Amino acid sequence: MSTTARAQKAPDTRGPVRKLLTSFGFQILAALVLGIAAGLIGRQLGATAENPTGLSATLDTIGSSYVTLLRAAVVPLIFTAIVASISNLRRVQNAARLAGQTILWFAITAFIAVIIGIVLGLVIQPGNRAGDGLEPGDPYTVGTWWNFLLGLIPQNFLGLTVSTSPGAVEGTFSSNVGFNILQVIVVAAVVGIAALKAGKKAEPFLIFTESLLKVIQRVLWWIIRIAPIGTFGLIGSAVIKYGWEKLASLGWFAAAVYIGLALVLFVVYPILVRTHGLSITQYFSGVWPAVQLAFVSRSSIGTLPLTERVTERNLGVPRSYASFAVPLGATTKMDGCAAIYPAIAAIFVAQFFGIELNFVQYLLIVIVSVVGSAATAGTTGAVVMLTLTLSTLGLPLEGVGLLLAIDPILDMGRTAVNVAGQALIPTIVAKREGILNEELYNAPREGLPFADDSGDDSGDDEGAPETDTSSDKEPVGAR
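Bear in mind that the values here come from a model prediction, so they are computed numbers and not experimental data. (Residues numbered from 1 in each chain as written. Predicted model: local features only at pLDDT ≥ 70, side-chain atom pairs only at ≥ 80, totals over all residues. Heavy atoms only, no water.)

A. Layout of the overall build of the chain. Helices and strands together make up the secondary structure of the chain, namely 20 helices and two strands. Here the chain, with 479 residues, has 53% of them falling under the buried criterion. Nonlocal contacts in the chain, meaning residues at least 24 apart in sequence, comprise 84% of its contacts between residues at least 6 apart. (Helix = DSSP H or I, 4+ residues; strand = E, 2+ residues; numbered from the N terminus. Buried < 20%, exposed > 50% of the residue type's maximum accessible area, 1.4 Å probe, protein only. Contact = heavy atoms within 4.5 Å.)

In C-alpha cells:
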C-alpha cells in the first residue's frame, strides 16, 4: 500500500464518545482510577501485603502477569532491534555523529537532573526532618564499579542469569531465570558489527533478523493493547501493598524526590523541547502513553516497546535511529533513578547519620550520576545505583534500609521521568541533525492506537527501509 493510498482512506466517522472510549490514553487513565478504587476497597476489606485476600491476590496476579508478558519479549526485541539498526546504520549518514550526540545529551540532562536533586536535598533537608521510628537496615543488593564492569562481560549468548533461593517449604528451592540487559546489548552490538563486516554473506542473516523483528513487534503491539488491564492490576496491587501511610515518616524525603521529578519532567524537558523549536504540547501528547505505562509498571525495560513506538510514530524520529537510541536509553538514560533519587537519598543518609558532606563529595555525586547511570540497567528500583553512590561517597550502606519501605511509591515517578527522557533525547538529536519528521511530530493525536497495524497483514508497507521516518503511519492516540 502506498503512502498516497493510505492518505485517501475513509475519514474517521466515530462519535466523540466512541473516540474517547477507544483512546489509549483515556483507557490507561480509567484503569488507574479503577485500580486505585479496587486497591482502596481491598484495604477496607483488610487486605495487606502480609495478609492477602482474594481481591488482592487477583490484582497482584493481573499486574505481575502483564509485566511478565512485557519482559518476556524484551530480550528478542532488543537483540533483533539492535542487530537490525546497526546493519542499517550503513544507510544512515553521520551514524557515528548521531551516537555521539545521543550520549552527550544523555550526560547533559543527567547533569541538570542531579544538580536539581542536590539543591533540593540541601534546601528541604529531608534527613533532618525524618520521622521517628526509622531504623537502619541492610540493603538487599549492593552496587560497585567493579561489579558493574564485570557485568558487561556476557556470561552466555542471551545474557541469561539464574538465581536460586530457599522455597516456602523447608528443604525446597526455587529458581528464577532473568537477564542482564547490558549483556544483551553487548552481544547484539557485537553480532551486528560482525554481520556488517561479513558483507554479502551475512545478507540472509540480516534479512531474517529484520523479518523476525517485525514479527516480535507485532506480538508486542498486541501485548501493549491490553495495557489498561495490566494497569488496573498493577496500581490496585500497589495501593494494597504499600498504601500511603508509609509516607508518614519519610514524607519530606518523598516530597523532595517528587518535586525534583516534577521539575525535570515539567520544566527542564519542556525548556529543551522549546529551545529546539518544537511544540511542548505535541511532545507531551506524543510521549504520554509510554509515561503512563512506565508509572504503573515501574520498568523502563518493560515499557521499552511502547517508548520506541511513540518515539517513532508520534515524535517523528526515524526508525533506524530510534531503534538504536531508545534501547540504549532504556539502560543508560535514568534521570529519575540515577540522578535525582540518588542525589537526594545520599544527602538524606548523610543528614540522618549526622555526616557533613564536603564539596568533593557533592562533586562525586554528580560524577556517579552522569557516568554510572547504566548500573540501573532499566529494571525496577534504584537500590543498586543508590548503593553505588553511597559506597563511592563512603556513607553507611545501612542507610539504604531506611528508604526501602517507600521505594515502590517513589519508583513509579522515577520510571515515568526516565521514560520521558528516553523519548526526548532521540527527538532532540533528530531535530538538531535535520532528520526529524516534523510533520509527523505536529500531527494531531486523534488516530486509534495501533490502527496502522490492525488489518494490515499484507505487509505492503512493512518492507519500507529502516531509514524511513514512517510518516505514513498514524500516531498513537494520546488523548
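Anyway, onward from the coordinates.
B. Representation of the nonpolar core in the model. Judged by nonpolar contacts, the single largest core of 112 residues is most densely connected at Phe253, Tyr269, Tyr283 and Leu403. With twelve residues, helix 19 (residues 407-432) is the largest single contributor of residues to this core. Not counting chain neighbours up to four residues away, the residues in contact with Phe253 comprise Pro126, Tyr341, Ile344, Ala345, Phe348, Leu403, Ile406 and Leu410. Among the nonpolar cores identified, the runner-up in size contains six residues, and Met334, Cys337, Ala338 and Met385 belong to it. (Core = buried A, V, L, I, M, F, W, Y, C linked by side-chain atoms within 4.5 Å.)

C. Examining the packing of aromatic side chains more closely. Applying the stated criterion across every chain, the model contains seven aromatic pairs. Between Phe253 and Phe348, the aromatic rings sit 5.1 Å apart at their centres with planes inclined by 55°, giving tilted as the arrangement. Of the two residues, Phe253 is situated in helix 11 (residues 251-275) and Phe348 in helix 15 (residues 336-352); the sequence distance between them amounts to 95 residues. Both residues of the pair, Phe253 and Phe348, count as buried. The structure contains a cluster of three or more aromatic residues connected by ring pairs, namely Phe253, Tyr341, Phe348, Phe352 and Phe353. Across from the ring centre of Tyr341, 4.2 Å away, lies the NZ or CZ of Arg414, which sits over that ring. (Phe/Tyr/Trp six-rings, centres within 6.5 Å; stacked < 30°, edge-to-face > 60°. Lys NZ or Arg CZ within 6 Å of the ring centre and 35° of its normal.)

D. Highlighting the packing of helix 9 (residues 203-225) against helix 13 (residues 300-313). Between helix 9 and helix 13, the shortest axis-to-axis distance is 10 Å and the interhelical angle comes to 105°. With respect to helix 13, the element helix 9 is oriented roughly perpendicular. From helix 9, Gln217, Leu220, Trp221 and Ile224 reach across to helix 13, where they touch Pro305, Leu306, Glu308 and Arg309. Split into classes, the residues belonging to the contact of helix 9 with helix 13 amount to five nonpolar, one polar and two charged. (Axes fitted to C-alpha atoms, helices over the stretch in contact; angles between N-to-C directions. Parallel < 35°, antiparallel > 145°, perpendicular 65-115°, else oblique. Nonpolar A, V, L, I, M, F, W, Y, C, P; charged D, E, K, R; others polar.)

E. Seen up close, helix 9. For helix 9, spanning 23 residues, the distance from its first C-alpha to its last is 33 Å, which sits close to the expected 33 Å at 1.5 Å a residue. Residues of helix 9 that are buried: Leu206, Thr209, Leu213, Lys214, Ile216, Gln217, Arg218, Leu220, Trp221, Ile223 and Ile224. (Expected span 1.5 Å × (residues − 1).)

F. Here's a closer look at the pattern of salt bridges. This structure, assessed with the given rule, holds five salt bridges. A salt bridge links Asp411 to Arg414; its shortest N-O distance comes to 2.8 Å. Taken as a pair, Asp411 and Arg414 lie in helix 19 at a separation of three residues, close to a single helical turn. Arg414 matches Asp411 in its accessibility class, with the two residues each being buried. In this structure, Glu438 and Lys431 form a salt bridge, with 2.7 Å as the shortest nitrogen-oxygen distance. (Salt bridge = Lys/Arg side-chain N within 4 Å of Asp/Glu carboxyl O.)

G. Region of interest: unusual backbone geometry. One non-glycine residue, Gln125, adopts positive backbone phi at about 50°. By the secondary structure assignment, Gln125 is in the loop between helix 6 (95-124) and helix 7 (145-151).

H. Representation of helix 4 (residues 54-72) in the model. If you check helix 4, its first and last C-alpha atoms are 26 Å apart, about what 19 residues at 1.5 Å a residue would give, namely 27 Å. Buried within helix 4 are the following residues: Ser56, Leu59, Gly63, Tyr66, Val67 and Leu70. Down the axis of helix 4, the sector holding all buried residues measures 110°, keeping them to one side. Turned more than 90 degrees from where helix 4 packs its buried face, Gly54 and Ala72 sit exposed. (Arc of directions from axis to C-beta.)

I. Quick peek at the side chain of Ser56. You can see Ser56 is positioned in helix 4. Within the structure, Ser56 has its side chain in polar contact with the backbone nitrogen of Thr53 (distance 2.7 Å). In contact with Ser56, not counting residues within four places along its chain, are Ala47 and Ile240. (Polar contact = N/O pair within 3.5 Å; in protein donor to acceptor, adjacent residues only side chain to side chain.)

J. Inspection of the confidence of the model for the chain at higher detail. The pLDDT averaged across the chain works out to 76; a share of 72% of its residues lies at or above 70. When pLDDT is averaged over each helix and strand of the chain, the minimum, 38, is found for helix 1 (residues 3-7) and the maximum, 95, for helix 11. Confidence drops under pLDDT 50 across residues 1-9; counting only partners more than four residues distant or on other chains, this segment forms ten contacts. Note that pLDDT drops below 50 for residues 137-143; the model gives that stretch 19 contacts with residues more than four away or on any other chain. (pLDDT = per-residue confidence, 0-100.)

K. Structural detail: the environment of Tyr258. With respect to the helices, strands and loops of the structure, Tyr258 is situated in helix 11. Sequence-wise, Tyr258 and Gly413 are 155 residues apart; in three dimensions their C-alpha atoms are separated by 7.0 Å.

L. Region of interest: the packing of helix 6 against helix 14 (residues 319-332). Packing of helix 6 against helix 14 leaves a shortest axis separation of 11 Å and a crossing angle of 30°. Classified by the angle between their axes, helix 6 and helix 14 sit roughly parallel to one another. You can see that helix 6 and helix 14 cross each other, and the crossing is right-handed. Of the residues in helix 14, those in contact with Leu98, Ala99, Thr102, Ile103 and Phe106 of helix 6 are Tyr321, Phe324, Ala325, Leu328, Gly329 and Thr332. Tallied by class, residues from the contact of helix 6 with helix 14 come to eight nonpolar, three polar and no charged. (Left-handed = near helix turned anticlockwise from the far one by under 90°.)

M. Looking closely at the environment of Ile124. Mapped onto the elements of the fold, Ile124 is located in helix 6. Owing to a relative accessible area of 11%, Ile124 belongs among the buried residues under this scheme. Placed 220 residues apart in sequence, Ile124 and Ile344 show a C-alpha to C-alpha distance of 9.6 Å. Filtering out sequence-adjacent residues up to four positions away, Ile124 remains in contact with Arg129, Trp252, Ala256 and Ile259.

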